[in-house]
Each structure stands twice: as structure tokens, then as C-alpha cells.
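# Chains, contacts and geometry: an overview
The chain contents come next:
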Amino acid sequence: ATTLGASAAQSGRYFGTAVAAYKLSDSVYSTILDREFNMVTPENEMKWDATEPSQNSFNYNSADQIVNHAQSHNQRIRGHALAWHQQQPGWVSGLSGTALRNAMLNHVTQVATHYKGKIYSWDVVNEAFADGSSGARRDSNLQRTGNDWIEAAFRAARAADPGAKLCYNDYNTDGVNAKSTAVYNMVQDFKARGVPIDCVGFQSHINPQSPVTSDYQANLQRFADLGVDVQITELDIEGSGTAQANTYATVVNACLAVARCNGITVWGIRDSDSWRSSGTPLLFDNSGNKKAAYTSTLNALNAV
Ligand code: G3I
């Protein structure tokens, strides 16, 4: 097939991108979006600060723009993110303990209910584990409400939208390491105790400090073997030319080799759309031209 989405669909997978609502009116952007991608993740519009700017007062304008666009272009939606220690609205910083726990659960319930039936998968909890070798939870205001906050969030999301797949999403968990093993142990425990979790997202922000390791595929596989789907959720790869193209192919091939790796999302369309202030980590250049990394990705998807 000749587009990323159609090529991924040949093996039952999707190919997605992060989308910013304010860019939908840019015709270069939206032309590529609607031609190439069949899954979208709102880059910021569904986060807590965007959707609940004051307590129990919800604003879905920007997120609804993306959802409406996606629905009219046969794109599914990955909701991002219901509970996260970053991009919280200011009022949350005044809360702790039971009040914060209840505010978080209300947020999860309200947002998941608003989008009930429209979301393929939710990043229910994002980035809750510490970096480095501790294998510990990340210290955060949410973590300080009690270690069970993650499962409470998943149960609330399931109750609000039983049809959505519920994912845990994190970075620097792309290889076998202390952080990914801590996530693995949580998922194993959730499955054993019947906490509703369907999928794990591996962000895969690749750069010289966090390269693709040789156990990338094995790490995806060990999570899949727990009985969850796995997805590459925020892929971008620093670099250029053939080296970058080869690394994209390596990541795509790792997903394709894991039966339960059912989708790949890149974190933006053109290099100029990237959250990274410098660099050229995406598949299209600033003018919207296909890069070598695009071609290697497309060819990998078509090789299965
Ligand atoms: O909301 C303000 C807006 O009012 C103001 O006009 C504008 C001016 O620059 O700034 C806006 O906020 C920015 C927001 O993006 C929306 O554009 C923030 O300053 C900026 O920090 C924020 O960055 C986002 C970042 O998450 C925040 O943590 C990036 O766009 C987004 O790509 C990035 O995405 C995260 C994932 O959610 C989770 N995993 C890591 C990934 C990369 O950091």
C-alpha cells in the first residue's frame, strides 16, 4: 500500500500521529494527516489542564475539534491522558489526600464519559514510574494520595467507558530495564487481581541518550505475554538521513514481529511540529515532504 495507515492496516495494525487542534486549519498539515494516518492522539487537548481548567468545569472545545475531524476522516482516537503528574490545572496544586484523589477520579469519570464510545484507547495513567534504577513509583501529588491511585483510575475509566481499551503509558521503558520491569510487575499484578488494563504504551522518544536497545522487541513481547496489547505511542527519533531511516525501520520491525503490537503512533507530522525545540525527529520535513525515514517506515510496513 502507498500510505502509512493503509500499509499498517494490511497486518491489522494502525499508524497514528499526535495532532494539535490549532494546526487542523493548516492545509499542508491536514492533507498529510488525512492521507497517511488512521489513528490520532490529541497532543495536549485532552490533558487535565485543557479539559478541566477550573474544578468541575469542563472545556472540550479543542479536543472535540480533533475528535470531530478524526471521525469524519475514518481515524480512530487514542485519548491522552486522563491522569498524569504534569499539565495539571493550577487548582489541583491546592489539593492533597482524599480531596485530590476524589478530584482525580471525578476527572477520569467525567472526561471518559464525555467521550464514551468515541475512543479506541485511553492512556489512563501516564508516566507514573521513576526514572533510573530504583524501580519505584515516581513521587508526585497523585502518588502521595496512596499507592492504589493507578488502579483506582483504571477502574473509574472502565466504569465510565467500558468499550475503550485502557492503557498505561510511559517513556524510557522501551528496553528491558529497571523502570520497564517495575511497570511489568504492576501489569502482572493488575492482571492477577482483575484490575482492568488492556494495553501498555511505549512512548519511544529515541535519541542518543535513550537509543533503541537490542532488547526492544523482547521487551514488547514480554508485556504482550502478560495478556495485554502493546503499542508504540509517541515515536520520534533524533537524527537524519540513512541512520535515522534505519532506526525507524528497526522500531517498526520490532512491532511487526510482536503479534500483540497492534499500532504505532509518531509524535507529530513534520519536523517543525515536533515538541523538541530543535532536531529533525519525524517522518516529514518542514515543508511536508517525505523523508528517507518515511520511506523506510513505509517499506517495513509493506514487507509483512
Ligand atoms: O497552553 C499554553 C498556551 O496557552 C500558550 O499560548 C502557549 C505558548 O507557547 O503555550 C501553551 O502550553 C504549551 C503546550 O505544550 C501547548 O502548546 C506548553 O508551554 C508546553 O510545555 C506544552 O508542551 C507539551 C508537553 O507534552 C508538555 O508536557 C508538548 O506540546 C507535547 O508534545 C508533550 O507531549 C508529551 C506527552 O504528553 C507525554 N510524553 C512526553 C511528550 C513529550 O514531552
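One numbering rule holds for all chains: residues counted from 1, following each sequence as written. In keeping with the predicted nature of the model, local features appear solely for residues at pLDDT of at least 70, side-chain atom pairs appear and are counted solely at 80 or more, and the whole-chain, interface and lining totals rest on all residues. The side-chain numbers reported here are obtained from all heavy atoms of the structure, hydrogens and water having been left aside.

As recorded by an unreviewed UniProt entry, the protein chain carries the name Beta-xylanase and is attributed to Paractinoplanes rhizophilus. UniProt positions are given in the numbering used here, feature names are shortened, and annotations may be inferred rather than shown by experiment. Quoted verbatim from the Sequence similarities (unreviewed entry) heading of the UniProt record, the comment on the protein chain is "Belongs to the glycosyl hydrolase 10 (cellulase F) family." In its Catalytic activity (unreviewed entry) section, the UniProt entry covering the protein chain states "Endohydrolysis of (1->4)-beta-D-xylosidic linkages in xylans."

Our next topic: the overall build of the protein chain. Strands here mean DSSP runs of E at least two residues long; helices mean DSSP runs of H or I at least four residues long; both are numbered from the N terminus. Of regular secondary structure, the protein chain possesses 10 helices and nine strands. Just to be clear, the radius of gyration here is over C-alpha atoms, and the globule rule we use is 2.2 Å times residues to the power 0.38. Computed over the C-alpha atoms, the radius of gyration of the protein chain is 18 Å, within 12% of the 19 Å expected from 2.2 N^0.38 for a compact globule of 304 residues. Along the three orthogonal principal directions, the C-alpha set of the protein chain runs to about 50 × 40 × 35 Å. Note on exposure labels: buried denotes an accessible area under 20% of the residue type's maximum, exposed denotes more than 50%, and partly exposed covers the range between, all computed with a 1.4 Å probe on protein chains only. The proportion of buried residues among the 304 residues of the protein chain is 58%. Between two residues, a contact is recorded if the distance between any of their heavy atoms is within 4.5 Å. Long-range pairs, those at least 24 residues apart, make up 77% of the contacts in the protein chain between residues at least 6 apart in sequence. With the model as given, the accessible surface of the protein chain reaches about 11300 Å², and the carbon-plus-sulfur share is 47%. Note on areas: these come from Shrake-Rupley sampling with a 1.4 Å probe, and a residue is covered only by the protein chains present in the view.

The subject of this paragraph is the environment of Asn219. Along the chain, Asn219 falls in helix 8 (residues 216–224). Expressed as a C-alpha distance, the spacing of Asn219 and Val176, which sit 43 residues apart in the sequence, is 5.5 Å. Ignoring sequence-local partners within four residues, the contact set of Asn219 consists of Thr173, Asp174, Gly175, Val176, Ser180 and Phe202.

The next point concerns the site of the ligand. By convention in these notes, a residue is near a molecule or strand provided one of its non-hydrogen atoms lies within 4 Å of it. Neighbouring residues of the ligand: 14 residues in total, closest Glu43, Lys47, His80, Glu127 and Glu234. Glu43 places a side-chain nitrogen or oxygen 2.4 Å from an oxygen atom of the ligand. Burial of the ligand by the protein chains amounts to 46% of its free accessible area of 810 Å². Residue composition of the shell around the ligand, grouped by class: three nonpolar, seven polar and four charged. In protein, a polar contact means a hydrogen-donor-capable atom and an acceptor-capable atom, both N or O and within 3.5 Å, with residues adjacent in sequence counting only if both atoms are side-chain atoms; elsewhere, any N or O pair within 3.5 Å suffices. For this classification, Asp, Glu, Lys and Arg are treated as charged, while Ala, Val, Leu, Ile, Met, Phe, Trp, Tyr, Cys and Pro are nonpolar and the rest, including Gly, are polar.

Let's shift gears to the pairing of strand 3 (residues 76–84). Two faces make up the sheet, and in a regular strand the side chains alternate between them. In terms of burial, strand 3 is largely enclosed, as eight of its nine residues are buried. Paired strands are those between which DSSP finds at least two bridges. Where strand 2 (residues 39–42) lies against strand 3, two bridges are found, and the strand directions are parallel. Within strand 3, the residue paired with Val40 across the bridge is Ile77. Both strand 3 and strand 4 (residues 121–126) contribute to a ladder of five bridges, which runs parallel.

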